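Descriptive analysis of the structure
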Amino acid sequence: MPAPQDGPLLDDAAGRLIRPYTVSNGRTRPTTVLDLLSLVMATGSDPQVHLGPEHTVALELCAGPTSVAEIAAHLRLPAVITKVLLSDLVDCGAVTAHAPAFHDMPTDRSLLEAVLDGLRRQL
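Residues numbered from 1 in each chain as written. Predicted model: local features only at pLDDT ≥ 70, side-chain atom pairs only at ≥ 80, totals over all residues. Heavy atoms only, no water.

1. Observations concerning the overall build of the protein chain
The cut-off we apply is this: Think of it this way: any DSSP run of H or I at least four residues long counts as a helix, any run of E at least two long counts as a strand, and we number them from the N terminus. Type-normalised accessible area, obtained with a 1.4 Å probe on protein chains alone, sets the label of each residue: buried when under 20%, exposed when over 50%, and partly exposed for intermediate values. Here, residues are in contact when the closest pair of their heavy atoms is within 4.5 Å. In these tables, accessible area is a Shrake-Rupley quantity obtained with a 1.4 Å probe, and a residue counts as shielded only by the protein chains included in the view.
Across its full length, the protein chain holds five helices and five strands. In the protein chain, the succession of α and β elements from N to C terminus is β-β-α-β-α-β-α-α-β-α. Out of the 123 residues in the protein chain, the part that is buried amounts to 28%. Across the protein chain, every contact between residues at least 6 apart in sequence was considered, and the portion connecting residues at least 24 apart equals 74%. Entry remark: accessible area of the protein chain is about 8200 Å², with carbon and sulfur atoms responsible for 57%.

2. As for the nonpolar core
Note the threshold: Within this scheme, the nonpolar core is defined by two criteria: the residues are buried Ala, Val, Leu, Ile, Met, Phe, Trp, Tyr or Cys, and they are joined through side-chain atoms within 4.5 Å.
Ranked by internal contacts, the top residues of the largest apolar core, which has 18 residues, are Val40, Ile71, Leu75, Leu86 and Leu89. At the level of elements, α2 (53-61), α3 (68-75) and α4 (79-91) are the ones that each hand at least two residues to this core. Filtering out sequence-adjacent residues up to four positions away, Val40 remains in contact with Cys62, Gly64, Pro65, Thr66, Val68, Ile71, Leu86, Val95, Thr96 and Ala97.

3. Describing the sheet that holds strand β4 (residues 66-67)
Formally: We call two strands paired when DSSP finds no fewer than two bridges between them.
Ordered in space as β4-β3-β5, the three strands form an open sheet in which the pairing is antiparallel. The open sheet has two edge strands, β4 and β5 (95-98), and neither has a second partner.

4. Here's the deal with the packing of α2 against α3
The packing of two helices is summarised by the inter-axis angle and the distance between the axes. As a reminder of what qualifies: Axis geometry follows a simple rule: fit a line to the C-alpha atoms, using only the stretch in contact for helices, then measure angles between N-to-C directions, giving values from 0 to 180 degrees. Any angle from 65 to 115 degrees is called roughly perpendicular, while one under 35 is roughly parallel, one over 145 is roughly antiparallel, and all others are oblique. Left-handed describes a crossing in which the near helix is turned anticlockwise from the far one by less than a right angle; the clockwise case is right-handed. Under the scheme applied here, ten amino acids are nonpolar (Ala, Val, Leu, Ile, Met, Phe, Trp, Tyr, Cys and Pro), four are charged (Asp, Glu, Lys and Arg), and all others, including Gly, are polar.
α3 packs onto α2 with a crossing angle of 130° between their chain directions and a minimal axis gap of 10 Å. As summarised for this structure, α2 and α3 are arranged oblique, according to the angle between their axes. The handedness of the crossing between α2 and α3 is right-handed. Residues Glu54, Val57, Ala58 and Leu61 of α2 touch α3, and the partners they reach there are Ile71, His74 and Leu75. Its residues assigned to classes, the contact of α2 with α3 comprises five nonpolar, one polar and one charged.

5. Considerations on the side chain of Thr66
Keep this limit in mind: N or O atoms closer than or at 3.5 Å make up a polar contact, with two conditions inside protein: a donor-capable atom paired with an acceptor-capable one, and, for residues adjacent in sequence, both atoms drawn from side chains.
Within the fold, Thr66 resides in strand β4. Overall, the relative accessible area of 8% leaves Thr66 in the buried class. Among the polar contacts listed, one links the side chain of Thr66 to the backbone oxygen of Leu61, at a separation of 2.9 Å. A polar contact of 2.8 Å, which involves the side chain of Thr66, links it to the backbone oxygen of Gly64.

Shown next as structure tokens:
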């Protein structure tokens, strides 16, 4: 099995050996709503369906809470394909997904002005 940091089905000289859309069987729409910042985590239960090598690597990457964006980067796959793979894992109960938590914070005008001033100095 390939190491998670190498990604599945990669060759150093040739790059990816198969097209990304073949990884998802041509599907481009996940069945689960996932954001790039959604946190995905393995449930510990074994999937009862056959999974491809990319599914297996993605599941290994979900040992702890991991963002969809981070998993896509490790797999070296486009985010939409990664979302399809992860939604397959959610559907079979192998992982759970949680939307990112955004806290309602009042906007501090002085903070925004300081950031703007800093950006202007950089340009």
